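If you want the building blocks of each chain, they are given just below.
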Amino acid sequence: MNPDFYKSLIENNKKWVESKLAFDPEFFKKLEKGQQPPLLWIGCSDSRVPANEIIGAQPGEVFVHRNIANLVVHSDMNMLSVLDYAVNALKITHIIVCGHYGCGGVKAAMENHSYGLVDNWIRHIRDVYRLHQKVLEEIPEPQQRFDRFVEFNTREQVLDLAKTSIVQTAWKKGQVLHLHGWVYGVGTGIIKDLNVNMNCNSQLEEFYRLEIKD
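Criteria and thresholds
Residues numbered from 1 in each chain as written. Predicted model: local features only at pLDDT ≥ 70, side-chain atom pairs only at ≥ 80, totals over all residues. Heavy atoms only, no water. UniProt positions renumbered as here; feature names shortened; annotations may be inferred. Pairing = 2+ DSSP bridges. Helix = DSSP H or I, 4+ residues; strand = E, 2+ residues; numbered from the N terminus. Axes fitted to C-alpha atoms, helices over the stretch in contact; angles between N-to-C directions. Buried < 20%, exposed > 50% of the residue type's maximum accessible area, 1.4 Å probe, protein only.

- As recorded in an unreviewed UniProt entry, the chain goes by the name Carbonic anhydrase 2, listed as coming from Flagellimonas olearia.
- Looking at the chain in UniProt, the text filed under Sequence similarities (unreviewed entry) is "Belongs to the beta-class carbonic anhydrase family."
- Of the comments in the UniProt record for the chain, the one headed Catalytic activity (unreviewed entry) reads "hydrogencarbonate + H(+) = CO2 + H2O".

1. Quick notes on the sheet that holds strand E4 (residues 178-184)
Then, number 1: Strand order in the open sheet formed by five strands is E2-E1-E3-E4-E5, and the pairing between neighbours is mixed. In the strand order of this sheet, the two ends are held by strand E2 (62-67) and strand E5 (191-193), each with one partner. Adjacent strand axes in the sheet meet at a mean angle of 25°, parallel and antiparallel pairs treated alike.
Then, number 2: Note: strand E3 (residues 94-100) against E4, seven bridges, orientation parallel. Looking at the pairing, His94 lines up with His178 of E4.

2. Some details on the pairing of strand E1 (residues 39-44)
Then, number 1: A large share of E1 lies buried, amounting to six of its six residues.
Then, number 2: In terms of strand pairing, E1 meets E2 through six bridges, oriented parallel. Residue pairing in the sheet places Gly43 in a bridge with Arg66 of E2.
Then, number 3: As judged from the five bridges shared by E1 and E3, these two strands associate in the parallel manner. Paired with Leu39 across the bridge in E3 is His94.

What follows is the structure, given as structure tokens:
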């Protein structure tokens, strides 16, 4: 790391604090009292996709979990712990799974290469490819196929999220909890809503009926 870049991080923090206090002298005192975000964001670790910034949210408004390719894996205790705390402690009302075009994890899953330890993680994305292989391989243009795979991956993560015991229990209790699937365009800054929106089991079942028809 460039030493000047490292030093600039602390300086940038000081400037950021000054700008927040200039706008609201009580800004940090308010944050200190606790958090009550309405939203859990499950996104990719990619440095170009900062959750708060791309939706114009302030500190305290978004609870965030990020991993390679925004996966919802039922054996991932990190993700499950975040989800459980968000749903049962913070009582968030919306969960957004946000993928992004140009995702390196999704691209790696399309290629026949080994990347080492991360291959174990990428395997989950390759499962999504197999699920939609027929549709994907009918797309002749590589970039369009890549983009569509990103969308399929995000969609499947929302469906897997809906099947977690945490979400299922919340819905059975009548808790208000809306799930959404988005894809962010790194080259445009624009978010695409995939219209994978659900807030109960009947909607989850409807998505699966439509998938079977497709």
